[in-house]
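Here are the chains, one letter per residue:
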Protein chains: 2
Amino acid sequence: MPRFKVPEATVERLSVYLRSIKRLKDERVLPSQELADLVGTSDGQVRKDLAYFGEFGVPGQGYRVGTLKEEISRILGVDRVWSIALVGMGNLGAALLAYPGFKRQGFEIKVVFDNDLSKIGKVWQGVKIEDVEKIPQILFEQEIKMGIIATPAQAAQAVASKLIEGGVKAILNFAPVRIVVPDRVKLRNVDLSIELETLSYFLGRKGIAGG
Amino acid sequence: MPRFKVPEATVERLSVYLRSIKRLKDERVLPSQELADLVGTSDGQVRKDLAYFGEFGVPGQGYRVGTLKEEISRILGVDRVWSIALVGMGNLGAALLAYPGFKRQGFEIKVVFDNDLSKIGKVWQGVKIEDVEKIPQILFEQEIKMGIIATPAQAAQAVASKLIEGGVKAILNFAPVRIVVPDRVKLRNVDLSIELETLSYFLGRKGIAGG
């Protein structure tokens, strides 16, 4: 357990480190510079990121790949399976449900919610679609602590409140709107419009925006 | 045009500011504190962000909403329509193509590419699916400068190279892999696994990970 508050950027990089070393042999000892090169950061950044969590390098040589995999998995909490509730079974919801990477990395969508009567009760990719009204009850019964919101913007805040009522402690929000959650709940937003607008800003700066 | 390098976080916030004021009347004059409250940041942050782009506030009162909308739209380059090429017509590609928010905000997917012969030649949501081999040629002909990669990880780097060969200057990458682009090309990554692993890290810290 780290002694200091760990920056969110460090946690994000741990996830990238883990992906980068997945195909390497456990027996290898990886110099920090080589790990840095794999993920496109600096030697110093790697050492600083890992130092938050104690010493698990081989002095003067680097990090044993097997130890790195185990330790980072443990730190990130991906050495176990997390159950997830997905709300919103539109195009994006369907894409998320079908995404094979989640399950491979220990994230399993256990239940899907929608408010469309023509969808409720159906089974999609082996997962049952339930009524949004049942969110608190079903989450509580299944002890689900993580939720994904893939609804239209206007529904997102009400859905977030229902998820939290059901005991969710971490939310990934895809709806293009700011939602408010209590401090004890961790919220991450994926806003595709912000991504595109950031790109368009940089396209404009490059002077290729044209007339 | 700003005199200093503008932080990417500022550009992202401009996008949030713009969304937050969209439904406000143009005639209103908005104190910076009120704008800060709307987006969940501080008064000082709002002023600092906007100061990069010159003075367009009303001294001692705030910002005229209409001016803010115009200026931020101009800065972000969303006062025009950007043509986009989407590569990868799987579940995620279909979700992105169907996402109504893009077009509303001036981003139009003009062409889709895939390598699946059963998809090439078809029309989906009014957009034709073309062979990935034709990426450079079609992008060049249609003067498309922005690309979205929604392919499996192993295809992403080759696709990025083809996009750049076709003249693309900005790429949004959804494939869960690190791709390398020249400095002159702006790359943004949306990695869903990183989002989930960051959440699982915080769930673990909260001590609710169980035994």
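Whatever comes next refers back to the structure up there.
In this text, all values refer to a predicted model and were calculated from it rather than measured experimentally.

Analysis parameters
- Residues numbered from 1 in each chain as written.
- Chains lettered and ligands numbered in written order.
- Predicted model: local features only at pLDDT ≥ 70, side-chain atom pairs only at ≥ 80, totals over all residues.
- Heavy atoms only, no water.
- Helix = DSSP H or I, 4+ residues; strand = E, 2+ residues; numbered from the N terminus.
- Buried < 20%, exposed > 50% of the residue type's maximum accessible area, 1.4 Å probe, protein only.
- Contact = heavy atoms within 4.5 Å.
- Areas by Shrake-Rupley, 256 points an atom, 1.4 Å probe, with all protein chains shown as cover.
- Lys, Arg positive; Asp, Glu negative; His and termini not counted.
- Charge placed at Lys NZ, Arg CZ, Asp CG, Glu CD.
- Buried area = accessible area lost by both parts, 1.4 Å probe.
- Salt bridge = Lys/Arg side-chain N within 4 Å of Asp/Glu carboxyl O.
- Polar contact = N/O pair within 3.5 Å; in protein donor to acceptor, adjacent residues only side chain to side chain.
- Nonpolar A, V, L, I, M, F, W, Y, C, P; charged D, E, K, R; others polar.
- Pairing = 2+ DSSP bridges.
- Right-handed = clockwise from strand over helix to strand, strands pointing away.
- Least-squares fit on C-alpha atoms with pLDDT ≥ 70 in both.
- Axes fitted to C-alpha atoms, helices over the stretch in contact; angles between N-to-C directions.
- Phe/Tyr/Trp six-rings, centres within 6.5 Å; stacked < 30°, edge-to-face > 60°.
- Lys NZ or Arg CZ within 6 Å of the ring centre and 35° of its normal.

So, the overall build of chain A: which residues are in play, and what are the values?
Each helix and strand in chain A was counted, giving 9 helices and 9 strands. With respect to the three principal axes, the spread of C-alpha positions in chain A is 60 × 55 × 35 Å. The buried share of chain A, taken over its 211 residues, is 50%. Nonlocal contacts in chain A, meaning residues at least 24 apart in sequence, comprise 55% of its contacts between residues at least 6 apart. When the accessible area of chain A is evaluated, it comes to approximately 10,100 Å², of which 51% is carbon and sulfur surface. Here chain A contributes 30 positively and 25 negatively charged side chains, and the mean placements of these two sets differ by 2 Å.

I'd like a rundown of helix α7 (residues 135-142) of chain A, residues and numbers included.
Residue and element names in this part refer to chain A. Ile 135, Pro 136, Ile 138 and Leu 139 are the residues of α7 that are buried. Buried-residue contacts for α7 involve β3 (82-87), β4 (107-114), β6 (127-131) and α8 (153-165). Note on α7: the residue one or two positions beyond its end, Glu 143, has a positive phi of about 50 degrees.

Run through the interface of chain B and chain A, naming residues and quoting values.
Size of an interface, as often reported, equals the accessible area lost when the parts are brought together. Taken together, the contacts link 65 residues of chain B with 66 residues of chain A. Note on chain B versus chain A: buried area summed over both sides is about 5,900 Å², and carbon and sulfur give 67% of it. Summed over the shared surface of chain B and chain A, the number is 4 salt bridges. Asp 191 of chain B is the partner of Arg 19 of chain A in a salt bridge, and the nearest nitrogen-oxygen pair spans 2.7 Å. If you look at where chain B meets chain A, you find 14 residue pairs in polar contact (both at pLDDT 80 or more). The element contributing the most residues to the side of chain B that touches chain A is helix α9 (residues 192-205) of chain B, with 14 residues. Across the side of chain B that touches chain A, the residue classes tally to 38 nonpolar, 10 polar and 17 charged.

Run through the pairing of strand β7 (residues 146-149) of chain B, naming residues and quoting values.
Residue and element names in this part refer to chain B. Burial along β7 is two-sided: the residues Met 146 and Ile 148 and Gly 147 and Ile 149 are all buried. Note: strand β3 (residues 82-87) against β7, 4 bridges, orientation parallel. Following the sheet pairing, Ala 85 is matched in β7 by Gly 147. With 4 bridges connecting them, β7 and strand β8 (residues 170-173) associate as parallel partners. Paired with Met 146 across the two strands is Ala 170, which belongs to β8. Taken together, β7, helix α8 (residues 153-165) and β8 constitute a β-α-β crossover, and its handedness is right-handed.

Which residues make up the relation of the copies chain B and chain A, and what values go with them?
Taken together, a rotation about one axis and a shift along it account for how the two chain copies relate. The two copies are related by a screw motion: chain B maps onto chain A through a turn of 180 degrees and a shift of 0.0 Å along the axis, at an RMSD of 0.0 Å. The two molecules are tied by a two-fold rotation axis, judged by turn and shift. Most of the interface of chain B is mirrored in chain A, where 100% of its interface residues are also at the interface.

Account for the sheet that holds strand β9 (residues 186-189) of chain A, with residues named and values stated.
One open sheet accounts for 7 strands, arranged β5-β6-β4-β3-β7-β8-β9 (chain A); its pairing is mixed. Where the open sheet ends on each side, the last strands, each with one partner, are β5 (123-124) and β9 of chain A. Bridge analysis of β3 of chain A against β4 of chain A gives 6 bridges, and the strand direction is parallel. The residue bridging Trp 82 of chain A from the neighbouring strand is Phe 107 of chain A, located in β4 of chain A. Against the sheet, α9 of chain B engages β3, β4, β7 (146-149), β8 (170-173) and β9 of chain A, with an angle of about 160 degrees to β8 of chain A.

Give a detailed account of the packing of aromatic side chains, specifying residues and quantitative values.
Scanning the entire structure with this criterion turns up 6 aromatic pairs over all chains. Look at Tyr 201 of chain A and Phe 202 of chain A: their rings are 5.0 Å apart centre to centre, the planes differ by 90 degrees, and that puts the pair in the edge-to-face class. Of note, Arg 80 of chain B hangs over the ring of Trp 82 of chain B, and the distance from its end group to the ring centre comes to 3.9 Å. A cation over a ring is seen here: Lys 186 of chain B above Phe 202 of chain A, with NZ or CZ 4.1 Å from the ring centre.

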